[in-house]
Each structure stands twice: as structure tokens, then as C-alpha cells.
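Spelled out from the first residue to the last, the chains are:
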Amino acid sequence: MKIVTYNINGLRPRVAQHGSLLRLLNSLDADIICFQETKITRQDLSADLIMAEGYEAFVSCCRTTSKTRGGYSGVATFCRVTSAFSSQEVALPVGAEEGFTGFLEGPKISNREMPEFSIKAPLKIEGLEEDITKEEMLKLDGEGRCIITDHGHFVLFNIYGPRAEAEDKERVRFKLLFFKILQKRWEFLLKQGKRLFVVGDLNIAPFAIDRCDADAGFEKNMFREWLRSLLRNCGGYFFDVFRSKHPERKGAYTCFSQSTGAEEFNYGSRIDHVLIAGPCIHQDHEGEEYSILDCHVADCDILTEFKRGSTDALLKWNGGRSTKLEGSDHIPVYVKLTDIPDLPVHSTPALSIRYVPEVRGWQQSIVSFLSKSQSSQQKEGSLILSSETSCEMSSTSQEIEGFATTVNQENKELYLTKRKSLHSIKDTKRVKNSSSSQLTIKSFFKQPVQEPSFCSDQNISEEFDVCNSEDVICSKEKGDIAILEWRRIQERMKTSLPLCKGHREPCVARSVKKGSNIGRQFYVCSRAQGPASNPEANCNHFQWASLKSKDKK
């Protein structure tokens, strides 16, 4: 059995990258696939985005109405099964739950008594001065950061941990509360004898070895201390499966900065984890020496082939690539399990996406919409052919307005007549093709085909036969002049940029996105971020842009 965790940095772009959701899931070749940061809301749920043949899906979407976090975060768990009903497969959960506080409405993973914090509020948590209210509990689950699936032999938590800057006190409290309550839920399940699998992007690198630029005080961060306190080698109850299998491996990173080309020099951090706790599944094995790690985990590693640019030999960064690399800024992590017995016959839980009415309803309504759209196009075809092209006449007149100095009035009228005839032919072709062809989303972003220009002698003589070549400037010559001028501007820009101190190469311009200096421009080295010991990497040059223009104002 194989479980994969993957922060996909947006479900839509990953589905588009692979061509379909099914291809994306199949590329990971796993029985259970846990996605984080799906960036979809309940309104975005559609069959093509969240349903794939052979998989059962369980999702949690961001519910917050905040402008800064709307459509943010989100998790989804996909289970590969041969049947969603009357199955004995371990991949098919026997229960599922959205969130972890117990305050969200909907199915729960167990009929047993829920933890005290899920039915009693306000709650006192160690390390927090203020009591926690029910409203705060609901906020923890409101960002769509957790899906729990019960697979009989173990309970799986798909987690997307919150990020918090040190100066943002509100988010720091949110993150602390998130993990403290989550820990209480884990402890409650462990006391019930459950085995736990916790996978996902926790946004925490526990040890200095897990970070490319860790300094002497790196491990003193309170969230890193919290995560280490849960691990077996620090007195806790979880195994960090990757580190247990590869205790000395350096440079094992799963996340890279999107804006600095950090993949080129493998300059990142390991914040995507697989944690497991609980006894061996075998009934004849008792005692702590028979853990689920030792008896059932065959392998755990990072799927480096999913690193952005890995198929393009990691193209040089140089301040930004000419072609945007497809893929997430994270890399998937997998764990392989062995000797996992089948379960009693069961069917997919009520939380499955197949039972969400919005998804099925959307699918039916969009099909009917497309059918109606096609039939209406066919009905309108005859009307288009028989009507006068008054709108074409209007747009064509505006098009000609600026050329009065080069084309005489007689030629204008002849041009109008021929253009009207030409557009009528084009409209007829469009109507004929409308019933058999359909515009795609991609077609809206293609550059429109240029209409024949007055400045082209060849076009004028062959298509319109109205212009005198002596009275117009050749469009080709104009185009060549424009290209040369743009190249000259680019060269001037290069010479005007400051040179970085490390490589004596032109810097790239950036601007401050937030804080007291928002909008202010600065210059940095154009090379990809990497270790300071590598002379080929970014030299960390930084230089503020001149403030003379602001001073004059």
C-alpha cells in the first residue's frame, strides 16, 4: 500500500498541467493521495475538478469570507478503489470527517464519545492566557486545513498547517491554537488504541538538517520545539518516518522559494511530513518493540522527479526564466506499507464527494447549458445570415477614421463596400462552423489574428486594390523599425542597471510588497538562490533604487 502527500499549490493548475484530474492522480501511482493547498471553494467544486474514475474523494474547502484568504488553503484526500460499495479494501475509508475540532456539522469518524473540547467551550489550553471560545474553534476548521479518514487499521490526518510571520501576533496565536487542539485530538485517539498517520505540509522544519540556511538558533523556534516534542526520539509518540529511514541524509528538501529559482541549487526546506504512531497491526506482536514503523513501513522517500524544471535540466534562473516552469513549489513524499490485512465489507462514507449535491447538480446543469447553447446557435444562424451587418459598418468606419490623410474619400467608400462583403463571407463561415466547433478557454488568451492593414502595399493591392503605394508607409519597414527600437531600449536598460558585487552582472529590479517601504524599488543579484559557498549561486547583492524622484516631489 502506498500513501502520497503533496502540496500541489492549486488544484486547477495541476489538473491543467497533466491534462485531467485522473492523469494527475495516476502519475503519483498511490492508493491514498493527500493534497494540500488546493485553493478551491465549495462554489468551485465540479466533477472534472474533483471526481475521477476509480477514486473516492474527500475534501475540505476554505469557508472564510476574508478577502485575503478567500479561496486559500484547502485539502483533499483521494482513495484509489475498485469499488466504492461492499468493499474490503483498506484504501476505502470506513469513516471520514472534515476538520478536527468536532464543531463542524457533518459526519464524524467514530460514534464513540468525542473529546471534551469538541463539546465544551470555552476551553483552557496550556500556554495560552485567554480561554478558547466556540467561535475560535470554528475558525480553526474554517480554513479547510484538515480531512480525517478512518481506514480501520489506522486513522489518517491530511493536514495543511498554517503559516505565521513572527510579527503577526494574530496568526501566531491561530497557528499555536491549531496545533495545540490538533494534538489533543491525536492524544484522545491514541488513548482509544488507534494507530495514527499524520501526513501533509505542516509548515515546520523540525531540525537544522531540514533547512538549507539554518543558523545556530534555528531549533529554538516554539513551533519547531513543539513538533520535536511529539517525536519518539524526543520522548513523544510519533515516528518521523522519512527521518527514521534516512537519519543522516542532507539536502532532503520538499519546498523551494518560487521567486528565487531555489530548485536550481536544491536550496529549500523539509516541511512536508509523514508521522505515524501506534502499535503493530499483528495481533501476536505486543509491546513497544513491535511498532507499526518496524513491522509495516517498507520505505519512505521524496519524489524528486516532481521538482519543477527536473525535465528541463533545471534551466538557468537569471532573474526569471523565459518559460515558466510548471509544477508546485513542493515535492511529494510517499510511504509504502506492507502486510496490511483487508477490512470487513464496507462502503464509502457519507462525506464522499459523490454525495455532495453541488457537484452532481453542477455536472447536470452544465451539460444542459451546453446543449441549449449549441441549439440556440443553430437557430440564430439564419438570423445572422439574413440581417444587415450594421455593427460591422460601424466598427469599420471607426477603423478607417485615422487614415483620412493617406486615402482619399473615393477609396474609402470602395474599401467600405469590399470590407462589408468580406466580413459577410467570414460571418457565414463562422455560423457554419459554430454547430460543430466550440471555443476553448485557451483560445481566449491567443493573440488575435491581425486584420489587413492600410500600410501593407501587397494587402491593399490584392485584397482591396484601393491604395496608392506611394501614399502609404510599408508595414514591414515599420515593424523592423519597431523591433530595432525595442532592442535598443533593452540594451539601454541593461547598461542602466547596477552590477552585482559578486558576479559583476546586471541586477534585476524588485519592489517592496508590504510594510513601511511598500512600492519602493530595489535591485538584487539575478542568479538563483543557493548556498553561500557556491560561487555560481546568488551573491546576495542588495541595493535600494534612487529616491531622487521622490525627493523632488
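Residues numbered from 1 in each chain as written. Predicted model: local features only at pLDDT ≥ 70, side-chain atom pairs only at ≥ 80, totals over all residues. Heavy atoms only, no water.

A. The nonpolar core, seen in detail. The biggest cluster of nonpolar side chains holds 40 residues, and the ones touching the most others in it are Ile-32, Phe-154, Phe-197, Val-241, Ile-276, Val-335 and Leu-337. Once residues lying within four places of it in the same chain are set aside, the contact partners of Ile-32 are Met-1, Lys-2, Ile-3, Val-4, Thr-77, Phe-78, Cys-79, Ala-91, His-151, Phe-154 and Leu-156. With 35 residues, the next largest nonpolar core counts Cys-146, Ile-159, Trp-186 and Ile-204 among its residues. (Core = buried A, V, L, I, M, F, W, Y, C linked by side-chain atoms within 4.5 Å. Buried < 20%, exposed > 50% of the residue type's maximum accessible area, 1.4 Å probe, protein only. Contact = heavy atoms within 4.5 Å.)

B. Fine view of the sheet that holds strand β1 (residues 2-7). Sheet architecture is open: six strands sit in the order β3-β4-β2-β1-β14-β13, paired in mixed fashion. Where the open sheet ends on each side, the last strands, each with one partner, are β3 (55-60) and β13 (297-302). When strand polarity is set aside, the average angle formed by the axes of neighbouring strands in this sheet is 10 degrees. Pairing geometry for β3 and strand β4 (residues 75-80), over six bridges, is antiparallel. Bridge pairing in β4 places Glu-56 opposite Cys-79. (Pairing = 2+ DSSP bridges. Helix = DSSP H or I, 4+ residues; strand = E, 2+ residues; numbered from the N terminus. Axes fitted to C-alpha atoms, helices over the stretch in contact; angles between N-to-C directions.)

C. Summary view of the sheet that holds strand β6 (residues 146-150). With respect to topology, six strands assemble into an open sheet ordered β5-β6-β7-β8-β12-β9, the strand pairing being mixed. In the strand order of this sheet, the two ends are held by β5 (95-98) and β9 (239-240), each with one partner. Direction of pairing for β9 relative to strand β12 (residues 272-277): antiparallel, over a ladder of two bridges. Following the sheet pairing, Asp-240 is matched in β12 by Leu-275. Sheet strands in contact with helix α5 (residues 169-191) are β5, β6, β7 (155-160), β8 (196-201) and β12, and its direction is about 175 degrees off that of β7.

D. Geometry of the pairing of β12. Judged by how many residues are buried, β12 sits mostly within the fold: six of six residues are covered. Burial along β12 is two-sided: Asp-272, Val-274 and Ile-276 facing one way and His-273, Leu-275 and Ala-277 facing the other are all buried. For β8 and β12, the ladder comprises six bridges, and the chain directions are antiparallel. By the bridge assignment, Leu-196 is partnered in β12 with Ala-277.

E. Spatial organisation of the pattern of salt bridges. Evaluation of the coordinates by the stated rule reveals 20 salt bridges. For Arg-270, the salt bridge identified is with Asp-240, shortest N-O distance 2.8 Å. With a gap of 30 residues between them, Arg-270 in the loop between β11 (268-269) and β12 and Asp-240 in strand β9 connect regions that are remote in the sequence. For Arg-270, a relative accessible area of 1% corresponds to the buried category. Classification of Asp-240 by relative accessible area gives buried; the value is 6%. The partner of Glu-263 in a salt bridge is Arg-308, with the nearest N and O atoms 2.4 Å apart. Taken together, the residues Glu-263 in the loop between β10 (255-256) and β11 and Arg-308 in the loop between β13 and β14 (333-337) connect sequence positions 45 residues apart. (Salt bridge = Lys/Arg side-chain N within 4 Å of Asp/Glu carboxyl O.)

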